[in-house]
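Notes for the structure review
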Amino acid sequence: MTEYIEPASFDHLSPERVLDAVDSIGFRCDGRLLALNSYENRVYQLGMEEGPPLVAKFYRPLRWSDAAILEEHAFVAQLAAQEVPVVAALGDHQGSTLHQHLGYRFALFPKHGGRAPELESSGTLEWLGRFLARIHACGGTQVFHSRPTLDPHTFGRQPLDYLLAHDFIPADLRAAYQGTAEHLLDGIARCYDRAGQVDLIRLHGDCHIGNILWTDAGPHFVDFDDSRMGPAMQDLWMLLSGTRSEMTRQLLDILAGYEDFCDFDTRQLVLIEALRSLRLLHYSAWLAQRWDDPAFKVAFPWFNTQRYWQDRVLELREQLALMEEPPLVI
């Protein structure tokens, strides 16, 4: 068998190669191909000669090792085996879930539709809390060995160092951004110190509303691509928004369902704004690291402009103030 070196980009991933890749592992496409909304990877809905459409995800080159991708697949398969509503990768006739074609690595998934959940509903939040608790209960039974931990270093220090080393920040804003970010990292460290030693578990990792699909049967969770070790609060805080009182009510609704299946460590409340701050630092570096991808320049035309970095400085300063406030009380 010919071995291929993984390409450095998606430049040569044509529709024909997508169809050939799926055909190469025994799934016969009928030629219908629809590109789905995804920036990190390339994701397509494919019509099949027999049966319903499938979804093919081609992994961003050079991002994850094979072992890290297979850890994600194994975690989601473990959740599915426990009847948690997730979408697990399909195996081929040999049971393999990670495949390669011309160097591109990909996986196939059953197609699951749905709509965004209505987070204004207490019942919806409680329902989501129950399923997040089941994910976390399962996530705490094993550890990832090939995937990183979400912590102040990987989501804070490393992103900041990348932005500074690659000169993305305009010269006239560099000192302001760097100084504010350093103060932010100090504030994040204080939040972690106040929380103490919290458990790190396998998480969804990117549990925003776009990765939760709702049907009449309830929610199901998709896209565990960012799954990693971290505190349970990481999968909860992104469901909170609005004023302090509104977030308190939302969190109480989530925990009303969550604690049916899993205990919640209230020390993690102090991490809410720290984790939000880490996501802001990480997001700017995430965009910067992919700025050579033409799809990013089309999707994020406002990135790397003077206005973008001015807004980021103000945003980080707001986070500094928020981290100094007392945590939510539940």
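Everything that follows concerns the structure shown earlier in this document.
Residue indices begin from 1 for each chain and proceed along its sequence in written order. Where totals are concerned, whole chains, interfaces and linings use all residues; where local detail is concerned, this predicted model gives features only for residues with pLDDT of at least 70, and gives and counts side-chain atom pairs only at 80 or more. The side-chain values count all of the structure's non-hydrogen atoms but skip hydrogen atoms and water molecules.

1. As for the state of the cysteines
Two cysteines joined by a covalent bond between their sulfur atoms form a disulfide. Cysteine sulfur atoms that come within 2.5 Å of each other are treated as a disulfide pair. In this structure the tally under the stated criterion is 0 disulfides. We note that Cys 138 lacks a disulfide partner, and the nearest cysteine sulfur, in Cys 262, lies 11 Å from it. Under the scheme applied here, a residue whose accessible area is under 20% of the maximum for its type counts as buried, over 50% as exposed, and between as partly exposed, the area being computed with a 1.4 Å probe on protein chains only. Cys 138 gets classed as buried once you look at its relative accessible area, which sits at 1%. With relative accessibility at 18%, the residue Cys 262 sits in the buried group.

2. Describing the pairing of strand E2 (residues 42-48)
Secondary structure elements are taken from DSSP: a helix is a run of H or I of four residues or more, a strand is a run of E of two residues or more, and numbering for both begins at the N terminus. Counted residue by residue, E2 has 6 buried out of 7 residues, so it is predominantly covered. Strand pairing is assigned whenever DSSP identifies at least 2 bridges connecting the two strands. Here strand E1 (residues 29-35) folds back onto E2, and the loop between the two strands holds 6 residues. In the sheet, E2 pairs with strand E3 (residues 54-58) via 5 bridges, with the strands oriented antiparallel. In the strand pairing of E3, Val 43 is matched with Lys 57. In textbook terms, the turn of a hairpin is the stretch between consecutive antiparallel strands, and for E2 and E3 this stretch comprises 5 residues, one of which, Gly 51, has a positive phi near 90°.

3. Things to note about the nonpolar core
Only buried residues count toward a nonpolar core, which is a set of Ala, Val, Leu, Ile, Met, Phe, Trp, Tyr and Cys residues joined through side-chain atoms within 4.5 Å. Of all hydrophobic cores here, the largest spans 76 residues; its most connected members are Tyr 177, Phe 221, Tyr 258, Phe 303 and Trp 309. Those elements that place two or more of their residues in this core are helix H2 (66-81), helix H3 (122-139), helix H4 (153-165), helix H5 (171-195), strand E7 (212-215), helix H6 (244-258), helix H7 (272-289) and helix H9 (306-324). Discounting chain neighbours no more than four positions away, the residues touching Tyr 258 are Gly 129, Arg 130, Leu 132, Ala 133, His 136, Ala 232, Leu 236, Asp 263 and Phe 264. Within the second largest apolar cluster, 18 residues are counted, among which are Leu 13, Val 22, Tyr 44 and Phe 58. A contact between two residues is defined here by any heavy atoms of the two lying within 4.5 Å.

4. Describing the sheet that holds E2
Spatially, E1-E2-E3-E5-E4 is the arrangement adopted by the 5 strands of the open sheet, whose pairing is antiparallel. Since the sheet does not close on itself, it has two edges, and those belong to E1 and strand E4 (99-101), each with one partner. Each adjacent strand pair in this sheet contributes to an overall mean axis angle of 35°, direction not counted. Bridging between E3 and strand E5 (residues 104-110) involves 5 bridges; their strand directions are antiparallel. Across the sheet, Val 55 pairs through a bridge with Phe 109, a residue of E5. Each axis is a line fitted through C-alpha atoms, taken for helices only over the stretch in contact, and angles between the N-to-C directions span 0 to 180 degrees. Along the sheet, helix H1 (residues 15-24) makes contact with E1, E2, E3, E4 and E5, crossing E1 at roughly 130°.

5. Describing the pairing of strand E8 (residues 218-221)
Pairing of E7 with E8, which is carried by 4 bridges, proceeds in the antiparallel orientation. Note on E8: the bridge partner recorded for Ile 212 is Phe 221.

6. Things to note about the packing of H3 against H6
Where H3 meets H6, the closest approach of the two axes is 6 Å, and the angle between their N-to-C directions is 50°. Classified by the angle their axes make, H3 and H6 are oblique. By crossing handedness, the relation of H3 to H6 is classed as right-handed. On the side of H3, the interface is formed by Ser 122, Leu 125, Glu 126, Gly 129, Arg 130, Leu 132, Ala 133 and His 136, while H6 contributes Arg 249, Gln 250, Asp 253, Ile 254, Ala 256, Gly 257 and Tyr 258. Amino acids are sorted into nonpolar (Ala, Val, Leu, Ile, Met, Phe, Trp, Tyr, Cys and Pro), charged (Asp, Glu, Lys and Arg) and polar (every other residue, Gly among them). Within the contact of H3 with H6, the residues separate by chemical class into 6 nonpolar, 5 polar and 4 charged. Comment on the angle field: the value is read as roughly parallel under 35 degrees, roughly antiparallel over 145, roughly perpendicular from 65 to 115, and oblique elsewhere. Left-handed describes a crossing whose near helix is turned anticlockwise from the far helix through less than a right angle; right-handed describes the clockwise counterpart.

7. A short note on the packing of aromatic side chains
Pairing of aromatic side chains requires ring centres within 6.5 Å, counting the rings of Phe and Tyr and the six-membered ring of Trp. Pairs whose planes differ by under 30 degrees are stacked, by over 60 edge-to-face, and all others tilted. Summed over the entire model, instances satisfying the criterion amount to 21 aromatic pairs. Between the aromatic rings of Trp 286 and Phe 300, the centroid separation amounts to 6.2 Å while the plane-to-plane angle is 80°, which identifies the pairing as edge-to-face. Placement of Trp 286 in helix H7 and of Phe 300 in the loop between helix H8 (294-299) and H9 is noted, with a sequence separation of 14 residues between them. By relative accessible area, which is 17% here, Trp 286 ends up buried. Residue Phe 300 is classed as buried on the basis of its relative accessible area of 7%. A ring is considered to have a charge above it if a Lys NZ or an Arg CZ atom is located within 6 Å of its centre and within 35 degrees of its normal. The ring centre of Phe 261 lies 6.0 Å from the NZ or CZ of Arg 134, which sits over that ring.

8. With respect to the packing of H5 against H9
In contact at an axis separation of 9 Å, H5 and H9 are set at 25° when each is read in the N-to-C sense. Compared by their axis directions, H5 and H9 come out roughly parallel. In the crossing of H5 with H9, the sense of the turn from one axis to the other is left-handed.

9. Quick look at the side chain of Arg 202
Structurally, the position occupied by Arg 202 is in strand E6 (residues 201-202). His residues and chain termini do not enter the charge count, which takes Lys and Arg as positive and Asp and Glu as negative. Each salt bridge in this description consists of a side-chain nitrogen of Lys or Arg and a carboxyl oxygen of Asp or Glu lying within 4 Å of one another. The buried charged residue Arg 202 lacks any salt bridge, with Glu 71 as its nearest oppositely charged partner at 7.8 Å. With sequence-adjacent residues up to four places away left out, Arg 202 is seen in contact with Phe 75, Gln 78, Cys 138, Gly 139, Thr 141, Gln 142, Val 143, Phe 144, Arg 228 and Met 229.

10. Brief notes about H6
For an α-helix, 3.6 residues make a turn, and residues three or four places apart therefore share a direction. Taking 1.5 Å per residue, 15 residues should reach 21 Å; H6 reaches 20 Å between its end C-alpha atoms and fits that length. Along H6, the positions that sit buried rather than exposed are Met 247, Thr 248, Gln 250, Leu 251, Asp 253, Ile 254, Leu 255, Gly 257 and Tyr 258. In this structure, the buried side of H6 is in contact with H3 and H7. A helix is expected to span 1.5 Å for every residue after the first.

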